[in-house]
Amino acid sequence: MNSFQKEVQSRKTFAIISHPDAGKTTITEKLLLFGGAIRDAGTVKARKTGKFATSDWMEIEKQRGISVTSSVMQFDYKDCKVNIVDTPGHQDFSEDTYRTLMAVDSAVMVVDAAKGIEDQTMKLFKVCRMRGIPIFTFINKMDRQGKEPLELLAELEEVLGIESYPMNWPIGMGKDFEGIYDRYNNRIEQFKVDGDDRYIPLNEDGELEGSHPLMDSPLYEQTLDEIMLLNEAGNEYSVERIADGELTPVFFGSALTTFGVQTFLDAFLDFAPSPQPRQSSKGDIDPLSEEFSGFIFKIQANMNPKHRDRIAFLRICSGKFERGMSVNLSRTGKSINLSSSTQFMADERETVNTAVSGDIIGLYDTGNYQIGDTLTVSRDMFQFEKLPQFTPEIFMKVSAKNVLKQKHFHKGINQLVQEGAIQLFKTVTMEEYLLGAVGQLQFEVFENRMKNEYNTDVIMERVGNKMARWVEGNEVDEKLNSSRSILVKDRYDQYAFLFENEFALRWFQDKNPDVKLYNPMDGK
Ligand code: G4P
């Protein structure tokens, strides 16, 4: 292997998915501390808790060099170069959050032990599932009373439909939390003990030897029973199934007290894949090939009307990026010089000069790029496979405030839709415009950009949450349109129904079994 290939192999690019408050920020911070990327705990937290109103944050981002929300945090750990790609959540949840998952090679799912699988985790999980990337689970907050570990595993299987393999197992929890029984390293890691004594090796039978106070604890006995149960009745350990995203290795710990996090990181890096081949119009692109290529998975607009610049986030899929290099934009055939690039590490903005497959860089964009664009030095202008369509969940009716501004209005909408800022639907009856989004933020960005970039004030009326399902074969009787099942066409003229709720969807399907519906996020 040459030095370039070694560089690529050392990359581990992943995202952390979770529901707000499960502990993503805390865990990220601990990982950055281990990697020496930050010196003080609290750096990431400060970024997150700056209590900005949503509409302010882009302005704040500009002032702070965009680091407030999503970015990439890179650090060295052992022989790896770790890239944590932040998935915007909370009030910043949007299609960009989903798209970020297109740019990683694996995901870490953080679950609050007391709450189990929550809504946002489930949505993000689905996207990872669709891609078939490995998913690692960290069950957090074991220092607090939570659900029984076996119940949590059952929830993973029942709610998410993924099988699990516990790499370690908690010995008690909350006030009685003693530590973890580490199956992977065949040792016990004690919660209340620091230093070298923290780890006690186990014998060949997976039991403590000699005398140890823990041996007298009923919790130890209970743990041994549970481990026996897992050994006999649990899922079998399979490296292949982990790699295919069919089996999730599960770790227990407490991010706040930095317990079990390093154990997790060490094992995670043993399994997390290096950059993987990506599908393209000319077949799989090998990350070890030296010919540079990558795709844009996200474009972050600057909300300040005086600064129209944007940042396009590019995932490098092969070769090496060097500042100032010329690349081809496959969609247009245009050659572009990549003179300005920027990468974000923790809270500092840095200019990158070189980066390789697996890395993510931010490129200044003056309107050249669209989401999904392929950049390559190859002359045959191949394209990476299209990014999937994400099912919107919230809808707004939109129209121009000033009817004389129709031209601007249409131009603005079309461009923003093409850029991937929001999705557009037309009702079949009235030909009204409906905007669809996965997060409220997308509407705010839309409204703001229409005003600032297209000089158009818009009227937005809430239509509310809907379940969007597309029509297979794209043939449907338009008379099936009703207030509970609104028939619309997407921007590619594909029919979809927007249902009031699950009940309306099922009722419709019972009545109209011939109309086959699908959710693009189910991977069908
Ligand atoms: P998020 O990014 O997923 O939204 O979660 P974050 O890390 O901000 O954690 C959410 C809350 O949970 C924080 O408390 C944090 O301190 C707490 N937390 C994280 N990990 C653990 C853990 O292992 N054990 C316990 N007991 N708590 C944990 P907060 O009160 O909202 O914030 P703060 O006042 O502590 O800053």
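Per an unreviewed UniProt entry, the protein chain goes by Peptide chain release factor 3 and derives from Peribacillus faecalis. What the UniProt record of the protein chain gives under Sequence similarities (unreviewed entry) is the line "Belongs to the TRAFAC class translation factor GTPase superfamily. Classic translation factor GTPase family. PrfC subfamily."

S.K.: Help me get a handle on the overall build of the protein chain, residues and values and all.
M.R.: The helix and strand inventory of the protein chain stands at 13 helices and 29 strands. Relative to its 524 residues, the protein chain shows a buried fraction of 56%. Within the protein chain, counting contacts between residues at least 6 apart in sequence, those at least 24 apart form 70% of the total. Accessible area for the protein chain stands at about 23,300 Å²; split by element, carbon and sulfur atoms hold 45% of it.

S.K.: Let's hear about helix 12 (residues 440-454): which residues, and what values?
M.R.: With 15 residues, helix 12 extends 21 Å from end C-alpha to end C-alpha; this agrees with the ideal 21 Å at 1.5 Å per step. Of the positions making up helix 12, those classed as buried are L441, Q442, F443, V445, F446, R449, M450 and Y454. Immediately beyond the C-terminal end of helix 12, within one or two residues, lies N455, with a positive phi of roughly 55°.

S.K.: Before we move on, could you go through a nonpolar patch on the surface and cite the residues and values that matter?
M.R.: A cluster of nonpolar residues, Y184, Y237 and V239, forms a patch on the protein surface that exposes about 250 Å² of accessible area. Positionally, Y184 belongs in the loop between strand 8 (179-182) and strand 9 (187-190). Y184 gets classed as partly exposed once you look at its relative accessible area, which sits at 31%.

S.K.: Describe the sheet that holds strand 26 (residues 467-471), with residues and values.
M.R.: Strand order in the open sheet formed by 8 strands is 25-22-24-23-27-28-26-29, and the pairing between neighbours is antiparallel. With partners counted over all chains shown, the strands left at the sheet margins are strand 25 (458-465) and strand 29 (517-518), one partner each. Relative to strand 29, strand 26 is paired through 2 bridges, and the arrangement is antiparallel. Residue pairing in the sheet places V471 in a bridge with L517 of strand 29. Contacts from helix 11 (residues 406-419) reach strand 22 (394-400), strand 23 (423-427), strand 24 (433-437) and strand 25, with the element oriented near 150° to strand 22. Along the sheet face, helix 13 (residues 502-511) touches strand 26, strand 27 (485-489), strand 28 (495-499) and strand 29 and points at about 130° away from the line of strand 28.

S.K.: Break down the side chain of R278 for me, with residues and values.
M.R.: With respect to the helices and strands, the residue R278 is situated in the loop between helix 10 (261-271) and strand 12 (293-301). For R278, which is buried and forms no salt bridge, the nearest opposite charge comes from D105, at a distance of 4.0 Å. A polar contact of 2.7 Å, which involves the side chain of R278, links it to the backbone oxygen of M102. Every residue in contact with R278, bar those within four places of it in the chain, is listed here: M102, A103, V104, D105, R131, G283, D284, I285, F295, R315, C317 and F384.

S.K.: A description of unusual backbone geometry should follow, citing residues and the corresponding values.
M.R.: The backbone of K141 sits at a positive phi, close to 70°, despite the residue not being glycine. With respect to the helices and strands, the residue K141 is situated in the loop between strand 5 (135-140) and helix 7 (149-160). Of note in this structure, M381 is not a glycine but carries a positive phi near 50°. Mapped onto the secondary structure, M381 falls in the loop between strand 21 (374-376) and strand 22. The class of M381 is partly exposed, set by a relative accessible area of 26%.

S.K.: Explain the sheet that holds strand 5 to me, and be specific about the residues and the numbers.
M.R.: One key point about sheets: their strands pair by backbone hydrogen bonds, in either a parallel or an antiparallel sense. Taking strand neighbours across the sheet as the criterion, the 7 strands line up as 2-3-1-4-5-11-6 in an open arrangement whose pairing is mixed. With partners counted over all chains shown, the strands left at the sheet margins are strand 2 (72-77) and strand 6 (163-166), one partner each. Each adjacent strand pair in this sheet contributes to an overall mean axis angle of 30°, direction not counted. Pairing between strand 6 and strand 11 (residues 247-252): 4 bridges, direction parallel. Bridging across to strand 11, S164 finds its partner in T248. On the sheet, helix 7 packs against strand 4 (106-112), strand 5, strand 6 and strand 11 and is oriented at approximately 155° with respect to strand 6.

The rules behind these values
Residues numbered from 1 in each chain as written. Predicted model: local features only at pLDDT ≥ 70, side-chain atom pairs only at ≥ 80, totals over all residues. Heavy atoms only, no water. UniProt positions renumbered as here; feature names shortened; annotations may be inferred. Helix = DSSP H or I, 4+ residues; strand = E, 2+ residues; numbered from the N terminus. Buried < 20%, exposed > 50% of the residue type's maximum accessible area, 1.4 Å probe, protein only. Contact = heavy atoms within 4.5 Å. Areas by Shrake-Rupley, 256 points an atom, 1.4 Å probe, with all protein chains shown as cover. Expected span 1.5 Å × (residues − 1). Patch = residues over 30% accessible without salt bridge, like charges linked within 9 Å, V, L, I, M, F, W, Y side chains within 5 Å. Salt bridge = Lys/Arg side-chain N within 4 Å of Asp/Glu carboxyl O. Pairing = 2+ DSSP bridges. Axes fitted to C-alpha atoms, helices over the stretch in contact; angles between N-to-C directions. Lys, Arg positive; Asp, Glu negative; His and termini not counted. Polar contact = N/O pair within 3.5 Å; in protein donor to acceptor, adjacent residues only side chain to side chain.

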